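One letter stands for each residue in the lines below.
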There are 2 protein chains.
Amino acid sequence: MTELFQARTVAEARKTVENHIRPGNNVRRVPLLDSLGKRLGKAVPAKDDVPGFDRSTMDGFAVKAKDTFGASESLPAYLDITGEIFMGKDARGELGTGQAFRIPTGGMLPPGADAVVMIEYTESLDEDTIGVTRPVGPGENVVLRGEDVPRGHTVLQAGHIIRPQDLGMLAAVGVSEVEALNAVRVGIISTGDEVVPVEVKPGPGQVRDINSYALYGQVSACGGEPVLYGVVRDDFSELRDTLAGAVSECDLVILSGGSSVGTRDVASKVIESLGRPGILFHGISIKPGKPTVGAVVENKPVFGLPGHPVSAMVVFELLVAPLVRYGEYRKNLLEFAVRAKLTRNMRSAAGREDYIRVKLVEGERGELSAEPILGKSGLIATMVKAHGLAMIPADKEGVEAGEYVAVKLF
Amino acid sequence: MTELFQARTVAEARKTVENHIRPGNNVRRVPLLDSLGKRLGKAVPAKDDVPGFDRSTMDGFAVKAKDTFGASESLPAYLDITGEIFMGKDARGELGTGQAFRIPTGGMLPPGADAVVMIEYTESLDEDTIGVTRPVGPGENVVLRGEDVPRGHTVLQAGHIIRPQDLGMLAAVGVSEVEALNAVRVGIISTGDEVVPVEVKPGPGQVRDINSYALYGQVSACGGEPVLYGVVRDDFSELRDTLAGAVSECDLVILSGGSSVGTRDVASKVIESLGRPGILFHGISIKPGKPTVGAVVENKPVFGLPGHPVSAMVVFELLVAPLVRYGEYRKNLLEFAVRAKLTRNMRSAAGREDYIRVKLVEGERGELSAEPILGKSGLIATMVKAHGLAMIPADKEGVEAGEYVAVKLF
């Protein structure tokens, strides 16, 4: 196979892959508590109003607001205490004009009441009478029926990733089992005759497998289900057997390793041998991460990531992570949401996106600076020192010290 | 018990709690792949150099750099090819002056070599001779032995939370089992006569338990181990039994609910009955979240969070999350790292920290705006709409539209 580098932008690479995949959307019912971090398979509507009744937000007295108009400390509005509300109970009786019911925070307003006077703005005249010293408007200190969620409202959309507050919302609308999409199963294969598993003491010329573990972590952090296929020699039939197995067992497969031309050739030939359309691009115009291979086999994405750990992790974040997290390349405005001032000039080639490892440092006034961590992309220690990646877009030839960069935390 | 509100700052509340707890530091050996997100119990030193040998970063020829000095396209330096390096193998033989060994990316430099010439800067004269058309300096295109991690270097500190790149690093230094701190076990108790579990259809005056589920999610998201104790009535002995059990079984306990004075009183009496020092403060000077109770029983923190879901979640983030994540109140510069322009004026009382739910919106040039989500703190829907919390510090009386605020994403 010839070395065919068609350096594409990240956006083009994504589009090409997306044109050839059909994401599986298998929905599974999981208990509410197990749904954190999973994607919703279906939109969730509210079957009832939340709350199901007008609810006091204060300790005090349920009243008709109009009975308090004009009340003041010098001229309180006098009301008869004709009832009391107990937590979690229906109101007994209706509130009439000139009357007040004792009510605790969270209590249900009695029929006839439309506001709550805080206890602080009342004075007790005798056991059966209060003076209201400050007027309330209708709805004041009350959460109205359906004010949190009205019946029929879609509380969460299909595809939404469930956060802690979403668990609360699902509980509020009575969803004890969630229809969640299955986690994306990601096969991870390391290649290279020099790579040994973590348990093995490397002999001369050998190094331990770093990428399988870092990528396992990245897949897990995206909510995916990583499956390790271990280290495979640079041998066509051995790699073909392993990759074919991974493609049939997983939704997406990443190979890593093989920065040498020989190794890359073996990997490319194996991918091409497995099915259509096969390899879609060799190389993307980013640094680090240029020698990336993108392929699709049987509608499943297969990525050949560079062997250098930093490059593999960066390309994972750009091309693999969105597919694992969302099943698609969705724009995520929170991804590069941190802005920090770069502490030194960094050059970049026009037409190439650069991703710089940065350490964030907080200044006296809370402002963030991003210190580039320099070092070869083969050094995992540079990723350990870094808080995130700063991006230099393709249309810039560099960033000056003091300019702001967008940083993705990791 | 009297209503004793000593409104403290968040910093004071943290300090008070911290003075009374002894964090448990039980270390457990876990397989490397299961250690993601856990805290390291001990610092990890590198037992060997990584890599263990000088390693080529390019496909090309291993050379003595001085043999290439002055080389150019018009006057190449001619070298004899006297060997070849294979991946994962020891070099056979030593490189002499005027010699070159073929070497692939990742290959081990032979003794005598100190640099690699990229294949692109060589011309092949015959099978045994190359011409080098560009000089290399010593160390060029080489990762030196120990350049990633030198032997004896501490690669990760005790207490560090393990990220994907850290898994890679631990693999690199041969750590297949990690000494990790046990996850913090957090007991979660909801209180309130009006609260029913998610499976139950609320009757008149009843609402479903939102807080247990949202807090369960928050504990999980912090790497903690949540234990749900369900919904307990506002009854002294019932609550005392449940809380005593939770304190003995967990490292930290959160009660939530009880925004009414009556309920708060029961919870406070129960906490005081369990042991010394008991309640440390009633109330903190934040909004939302003021009616928070902080206590320590038998060296274990016990928090009485407000009943309103938004308030409970905000207080969790400020007072509970750091203890679950780090076992202490550690400053985390990445926590409020996002800066966004507030889209409208927001007032705040001096001396009080305000936490505003915000939705982030990206402008045309990538700048972020923060739109406040207004609404009562009893409405979980406002948390679902929000991307994060913006902070107004205690020394400010508000933020004007267009001013930057620090946002914590959730």
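Further up the page is the structure itself.
As the structure is a prediction and not an experimental result, all values here were calculated from the model.

What counts, and where the lines are drawn
Residues numbered from 1 in each chain as written. Chains lettered and ligands numbered in written order. Predicted model: local features only at pLDDT ≥ 70, side-chain atom pairs only at ≥ 80, totals over all residues. Contact = placed C-beta atoms within 7 Å. Nonpolar A, V, L, I, M, F, W, Y, C, P; charged D, E, K, R; others polar. Pairing = 2+ DSSP bridges. Helix = DSSP H or I, 4+ residues; strand = E, 2+ residues; numbered from the N terminus. Axes fitted to C-alpha atoms, helices over the stretch in contact; angles between N-to-C directions. Least-squares fit on C-alpha atoms with pLDDT ≥ 70 in both. Parallel < 35°, antiparallel > 145°, perpendicular 65-115°, else oblique. Left-handed = near helix turned anticlockwise from the far one by under 90°.

> Give me the lowdown on the interface of chain A and chain B, citing residues and values where you can.
The partner chain B presents 81 residues to the 81 residues of chain A that form the contact. A class-by-class count of the residues in the side of chain A that touches chain B yields 42 nonpolar, 23 polar and 16 charged.

> Residues and numbers for the sheet that holds strand β8 (residues 122-126) of chain B, please.
Residues and elements named next belong to chain B. If you walk across this open sheet you meet the six strands as β7-β4-β6-β5-β9-β8, and the pairing is mixed. Each end of this open sheet is capped by a strand with a single partner; those strands are β7 (115-118) and β8. For this sheet, the mean inter-axis angle between neighbouring strands, taken without regard to orientation, is 40°. With four bridges joining them, β8 and strand β9 (residues 129-132) adopt antiparallel strand pairing. Within the sheet, the bridge partner assigned to Asp126 lies in β9 and is Thr129.

> Can you break down the relation of the copies chain A and chain B residue by residue, with the values?
Of the transformation superimposing chain A on chain B, the axial component is 0.0 Å and the angular component is 180°, with the fit at an RMSD of 0.1 Å. Between the two chains, the operation in question is that of a two-fold axis. For chain A, the smallest separation between a C-alpha atom and the rotation axis is recorded for Val338 of chain A, amounting to 2.4 Å. Most of the interface of chain A is mirrored in chain B: 100% of its interface residues are interface residues there too.

> Report on the packing of helix α4 (residues 236-249) of chain B against helix α5 (residues 261-274) of chain B, specifying residues and quantitative values.
Residue and element names in this part refer to chain B. The contact between α4 and α5 brings their axes to 9 Å, and the two run at 50°. If you check the angle between α4 and α5, you find them oblique. Crossing handedness for the pair α4 and α5: right-handed. Contacts between α4 and α5 involve Phe236, Leu239, Arg240, Leu243, Ala244 and Val247 from the first element and Val266, Ala267, Lys269, Val270, Ser273 and Leu274 from the second. Each residue belonging to the contact of α4 with α5 can be placed in one class, and the counts come to nine nonpolar, one polar and two charged.

> Could you give an account of the sheet that holds strand β20 (residues 293-297) of chain A, naming the residues involved and the relevant values?
Residue and element names in this part refer to chain A. Read across the sheet, six strands follow the order β16-β13-β17-β21-β20-β18 without closing on themselves; strand pairing throughout is mixed. The open sheet has two edge strands, β16 (225-232) and β18 (277-282), and neither has a second partner. With strand direction ignored, the average angle separating the axes of adjacent strands in the sheet is 15°. Across five bridges, the pairing between β20 and strand β21 (residues 300-305) is antiparallel. Paired with Val296 across the bridge in β21 is Pro301. Relative to β20, helix α5 (residues 261-274) is tilted by about 20°, and along the sheet it contacts β13 (185-191), β17 (252-256), β18, β20 and β21. Running at roughly 170° to β21, helix α6 (residues 309-326) makes contact with β13, β17, β20 and β21 of the sheet.

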